[in-house]
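A look at the structure
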Amino acid sequence: MEEKKVSQKNISDCFTPELTKQFHIEMDVALKKIDMIPVLAVLDKYQIAHFQDSIDFVEALSSYITGWQKENEGSRLYKDVTTSESRCIACEYGKGMVIYEFEFIHAEAPEPMNRVVYGRDFGILFDIRNEILFEVRVCNAFLNKYEMTKLRLS
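My aim in this report is to walk through the structure given alongside it, one point at a time. (Residues numbered from 1 in each chain as written. Predicted model: local features only at pLDDT ≥ 70, side-chain atom pairs only at ≥ 80, totals over all residues. Heavy atoms only, no water.)

1. Describing helix H1 (residues 17-31)
Over its 15 residues, H1 runs 21 Å from end to end, which matches the ideal 21 Å to within 8%, given 1.5 Å per residue. Every buried residue of H1 is listed here: Thr20, Phe23, Glu26, Met27, Asp28, Ala30 and Leu31. Check the buried side of H1 and you find it contacts helix H2 (36-45), helix H3 (52-66), strand S2 (82-87), strand S3 (96-106), strand S4 (118-129) and strand S5 (132-139). (Helix = DSSP H or I, 4+ residues; strand = E, 2+ residues; numbered from the N terminus. Expected span 1.5 Å × (residues − 1). Buried < 20%, exposed > 50% of the residue type's maximum accessible area, 1.4 Å probe, protein only. Contact = heavy atoms within 4.5 Å.)

If you want it as structure tokens, here you go:
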């Protein structure tokens with residue numbers, strides 16, 4: 001029996017402008033939870049988790065989402081996650097992205113380290129063309145808030 005080859009669809013084949021908007025909203029909510037489970041749930045819901053671009057996204061994002069947590073030290077978010085707009089300064093030079101910033105503490109660490117508030121941020125580039133999502137990925141080379149303000153004033 002001859003095996004039929006099924007052509008692999010692109011992520012963009014799974015989206016309409018309406019679905020792209022909804023995905024963007026839902027992924028934003030998931031990312032603000034700083035937890036991989038809601039992010040994976042969104043990718044599954046839109047049936048794009050199996051695409052290589054999504055697998056790469058999850059792999060890159062995982063270190064930002066879980067890398068700050070220390071076992072047995074009571075790691076927890078200190079404040080709500082905030083977002084800001086930025087621009088890529090590397091491989092996707094000039095493209096807009098969303099920066100997610102959060103602060104955390106290790107509440108059960110030995111004193112005085114249990115009172116130190118740490119900060120972390122990461123950028124997410126939603127590659128949307130003609131209102132259709134082509135890819136979502138992590139970016140770690142972006143302008144900070146001061147640079148963005150300076151750019152707007154220029």
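2. Focus: the packing of aromatic side chains
With the rule as written, the count across this model stands at 10 aromatic pairs. Between Trp68 and Phe104 the ring centres are 4.9 Å apart and the planes differ by 45°, which places this aromatic pair in the tilted class. With a gap of 36 residues between them, Trp68 in the loop between H3 and strand S1 (75-77) and Phe104 in strand S3 connect regions that are remote in the sequence. Per residue, the accessibility class of Trp68 equals that of Phe104, and both read buried. Measuring from ring centre to ring centre gives 5.5 Å for Tyr100 and Phe122, while their planes differ by 15°; the resulting arrangement is stacked. Placement of Tyr100 in strand S3 and of Phe122 in strand S4 is noted, with a sequence separation of 22 residues between them. Given the relative accessible area of 0%, Phe122 is considered buried. One aromatic cluster is present, formed by Tyr64, Trp68, Tyr100, Phe102, Phe104, Tyr118 and Phe122 through successive ring pairs. (Phe/Tyr/Trp six-rings, centres within 6.5 Å; stacked < 30°, edge-to-face > 60°.)

Distances and angles like these do not, on their own, reveal function.
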